[in-house]
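Descriptive analysis of the structure
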Amino acid sequence: MEQKTQGRVIELTISSTVAGDYTHRFAVKEPIGAVKRQALAHFKMDPAMADKYILLWNGSALNDNITLEDAEIPDRAMLLLEPRQPEVI
């Protein structure tokens, strides 16, 4: 029998070098960008500035437009919230 994932949640810890750690349960269908904005709000940072930050998992930047499920983020993963580096032209 196929497991329904619509309501499935995973626990993530989001770590910021300047603000500490935030552990929360997120729906696997939650977009990465929404997770990032929620973490910024928790850290008392302006969620409107989300484009100035990236979430990293295993050293790779996550695309804000895909879901946790599409990014294959496992339960109890630790994501890093870091300032986006300016592009060098």
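In this report, we go over the structure that sits alongside the text. Since the structure is predicted, the reported quantities are computational estimates derived from the model, not experimental observations.

Those residues of helix α1 (residues 32–42) lying buried are Ile32, Gly33, Ala34, Val35, Lys36, Ala39 and Leu40. Phi turns positive, to about 65 degrees, at Lys44, one or two residues after α1.

With that out of the way, let us pick up the pattern of salt bridges. For the structure on display, the rule yields three salt bridges. Note that Asp64 is salt-bridged to Lys36, the shortest N-O span being 2.7 Å. Residue Asp64 is found in the loop between β4 (60–61) and β5 (77–83), and its partner Lys36 is found in helix α1; the two are separated by 28 residues along the sequence. When its relative accessible area of 0% is taken as the criterion, Lys36 is described as buried.

A few words on unusual backbone geometry. Backbone geometry follows two general trends: most residues other than glycine have a negative phi, and most peptide bonds adopt the trans configuration. Of note, the phi angle at Lys44 is positive, near 65 degrees, even though the residue is not glycine. Backbone geometry at Asn58 places phi at a positive 55 degrees, although glycine is not the residue there. Along the chain, Asn58 turns up in the loop between β3 (53–57) and β4. Assessed through its relative accessible area of 65%, Asn58 is described here as exposed.

Rules of the game
Residues numbered from 1 in each chain as written. Predicted model: local features only at pLDDT ≥ 70, side-chain atom pairs only at ≥ 80, totals over all residues. Heavy atoms only, no water. Buried < 20%, exposed > 50% of the residue type's maximum accessible area, 1.4 Å probe, protein only. Helix = DSSP H or I, 4+ residues; strand = E, 2+ residues; numbered from the N terminus. Salt bridge = Lys/Arg side-chain N within 4 Å of Asp/Glu carboxyl O.

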